[in-house]
Amino acid sequence: MNSSNFKTHPLLKNGHIGTLATHFGRKVADLPYERQRINTPDDDFLDLDWIRKDSQKLIILSHGLEGSSRATYIQGMMRFLVDNGFDGLAWNCRGCSGEPNKQPFFYHSGASYDLETVVEHVLKTTDYKEIYLIGFSLGGNITLKYLGEKSQAISKRIKKGIAFSVPTDLGASAIELDRGFSQVYMFNFLWTLKRKIRSKRQLISKDVLEIDKLHRIQTFHAFDDLVTAPLHGFENGLDYYAKSSSKQFIPAIKIPTLLVNAKNDPFLGEKCYPLEEASKNPFFTLEIPQAGGHVGFFTPFVKGELWSERRALEFIQREF
């Protein structure tokens with residue numbers, strides 16, 4: 001584990017305040033994205049939002065649960081790195097781009113196959129010499145899982161991976177989000193997820209999911225048992241957590257990769273900090289700042305950027 005130089009205001013050292021201060025207090029002007037739609041192998045689509053400046057370096061950004069390419073943390077990172085000489089691509093998980101996807105299922109924390117579709121599209125249709133993968137929360141889990149799955153077979157054009165605020169153990173995160181004030185985040189996520197499921201009523205077989213029973217679901221464990229698992233081919237919620245948690249894929253990562261999980265992140269349980277895995281993989285750097293919240297890392301002393309954006313650039317520029 002590496003030490004971190006993240007510092008914040010004393011009032012922001014509480015994990016919830018650090019999370020909410022960035023979420024509600026930071027404003028980023030909408031970027032002039034160029035949208036591209038690509039097809040998936042299973043007859044669905046993914047919407048990719050680009051910023052092109054004719055750079056030879058590209059960042060691919062993966063958003064968190066119920067986020068999108070318009071999430072403030074995505075646009076903030078995109079703007080910062082584009083200003084520092086990169087092209088940017090922010091892809092939207094299925095059903096997150098403003099238009100429902102075509103299949104009865106949508107996305108989940110282990111959907112690295114969709115990131116692979118995006119990466120393969122970039123590799124086949126562009127000539128970027130350097131590609132960097134950056135993920136947040138759910139998107140960070142997908143990113144780490146993808147890097148571990150590809151391992152030594154990964155394209156030499158993909159240089160590094162970076163992830164922030166990642167529930168590397170999905171079961172531990174589900175438990176943490178069912179405690180105290182963290183339930184506020186969970187209920188908000190469940191409300192929007194249930195709404196998406198109801199919008200697919202005509203596509204989902206009653207043998208797979210009884211949509212009329214959605215109102216009974218009050219926790220992520222219940223949602224993943226009754227919705228995520230049957231829709232996406234898992235036996236149950238525990239099977240989904242076991243197969244989709246990125247922690248188990250970290251030992252196989254073979255390119256320089258950074259994970260930053262704040263110690264006070266209200267979304268993460270103790271098992272979400274992969275200390276043992278980090279100690280055994282020389283390609284993997286784990287930082288655990290004392291504060292930062294969840295996808296927060298707000299530094300009131302620095303205007304116009306987050307610490308996480310500067311940290312991502314530092315890691316990209318570092319020689320290994």
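Refer to the structure presented above.
Notes on the structure follow. What you see is a predicted model, and the numbers here were worked out from it, not measured in a lab.

The rules behind each value
Residues numbered from 1 in each chain as written. Predicted model: local features only at pLDDT ≥ 70, side-chain atom pairs only at ≥ 80, totals over all residues. Heavy atoms only, no water. Helix = DSSP H or I, 4+ residues; strand = E, 2+ residues; numbered from the N terminus. Polar contact = N/O pair within 3.5 Å; in protein donor to acceptor, adjacent residues only side chain to side chain. Contact = heavy atoms within 4.5 Å. Expected span 1.5 Å × (residues − 1). Buried < 20%, exposed > 50% of the residue type's maximum accessible area, 1.4 Å probe, protein only. Core = buried A, V, L, I, M, F, W, Y, C linked by side-chain atoms within 4.5 Å. Pairing = 2+ DSSP bridges. Axes fitted to C-alpha atoms, helices over the stretch in contact; angles between N-to-C directions. Parallel < 35°, antiparallel > 145°, perpendicular 65-115°, else oblique. Left-handed = near helix turned anticlockwise from the far one by under 90°. Right-handed = clockwise from strand over helix to strand, strands pointing away.

Assignment of secondary structure puts glutamate 305 in the loop between β8 (284-287) and α10 (307-317). Polar contacts involving the side chain of glutamate 305 include one to the side chain of arginine 310, which spans 3.3 Å. Those residues in contact with glutamate 305, other than ones at most four positions away along the chain, are Arg26, Phe80 and Arg310.

Below, the discussion takes up helix α7 (residues 220-232). For α7, spanning 13 residues, the distance from its first C-alpha to its last is only 15 Å, which falls clearly below the expected 18 Å at 1.5 Å a residue. Taken together, the buried positions of α7 are Phe220, Phe223, Asp224, Val227, Thr228, Ala229, Leu231 and His232. Buried residues in α7 make contact with α3 (112-125), α5 (170-176), α6 (182-199) and α8 (237-244). Looking at the residues trailing α7, positive phi occurs at glycine 233, about 85 degrees.

Right, let's talk about the nonpolar core for a bit. Counting 66 residues, the largest nonpolar core has Ile60, Leu89, Trp91 and Ile197 as the members making the most contacts within it. By residue number, the principal contributor to this core is α6, which donates six residues. Excluding its chain neighbours within four sequence positions, the residues that come into contact with leucine 89 are Leu48, Asp49, Trp50, Leu58, Ile59, Ile60, Leu61, Met78, Val118 and Val122. Within the second largest apolar cluster, 31 residues are counted, among which are Val82, Ile134, Ile162 and Ala262.

Below, the discussion takes up the sheet that holds strand β6 (residues 158-164). Strand pairing in a sheet relies on backbone hydrogen bonds, with the paired strands running either antiparallel or parallel. With respect to topology, eight strands assemble into an open sheet ordered β1-β2-β4-β3-β5-β6-β7-β8, the strand pairing being mixed. Two strands in the sheet have a free side with no partner beyond their single neighbour: β1 (34-39) and β8. On average, each strand axis in the sheet is tilted by 20 degrees relative to the strand beside it, whichever way the strands run. Where strand β5 (residues 130-136) meets β6, six bridges bridge the pair, whose relative direction is parallel. Residue pairing in the sheet places glycine 135 in a bridge with alanine 163 of β6. In the packing of helix α2 (residues 72-83) onto the sheet, contacts are made with β2 (45-51), β3 (57-62), β4 (87-92), β5 and β6, and the angle to β3 comes to roughly 170 degrees.

Turning to the packing of α6 against α7, a few remarks are in order. At a minimum axis separation of 11 Å, α6 and α7 run at an interaxial angle of 30 degrees. Regarding the angle of α6 to α7, the classification is roughly parallel. For the element pair α6 and α7, the recorded crossing hand is left-handed. Residues Met186, Phe189, Leu190, Leu193 and Ile197 of α6 touch α7, and the partners they reach there are Phe220, Phe223, Val227 and Leu231.

Looking now at unusual backbone geometry. If you check the backbone angles, aspartate 43 has positive phi at about 65 degrees while not being a glycine. Overall, aspartate 43 belongs to the exposed group, its relative accessible area being 53%. Phi is positive for serine 137, which is not a glycine, with a value near 55 degrees. Looking at where serine 137 falls in the secondary structure, it is placed in the loop between β5 and α4 (138-150).

Let us now look at the pairing of strand β7 (residues 257-260). Here β7 shows a buried face lined by Thr257 and Leu259 and a second buried face lined by Leu258 and Val260. Relative to β7, β6 runs parallel, the two being bridged by four bridges. Within the sheet, the bridge partner assigned to phenylalanine 164 lies in β7 and is valine 260. Looking at chain direction, β7 and β8 are connected through four bridges and run parallel. Along β8, the bridge assignment pairs valine 260 with glutamate 287. Between β7 and its parallel partner β8, the chain crosses via helix α9 (residues 275-280), and the hand of that crossover is right-handed.

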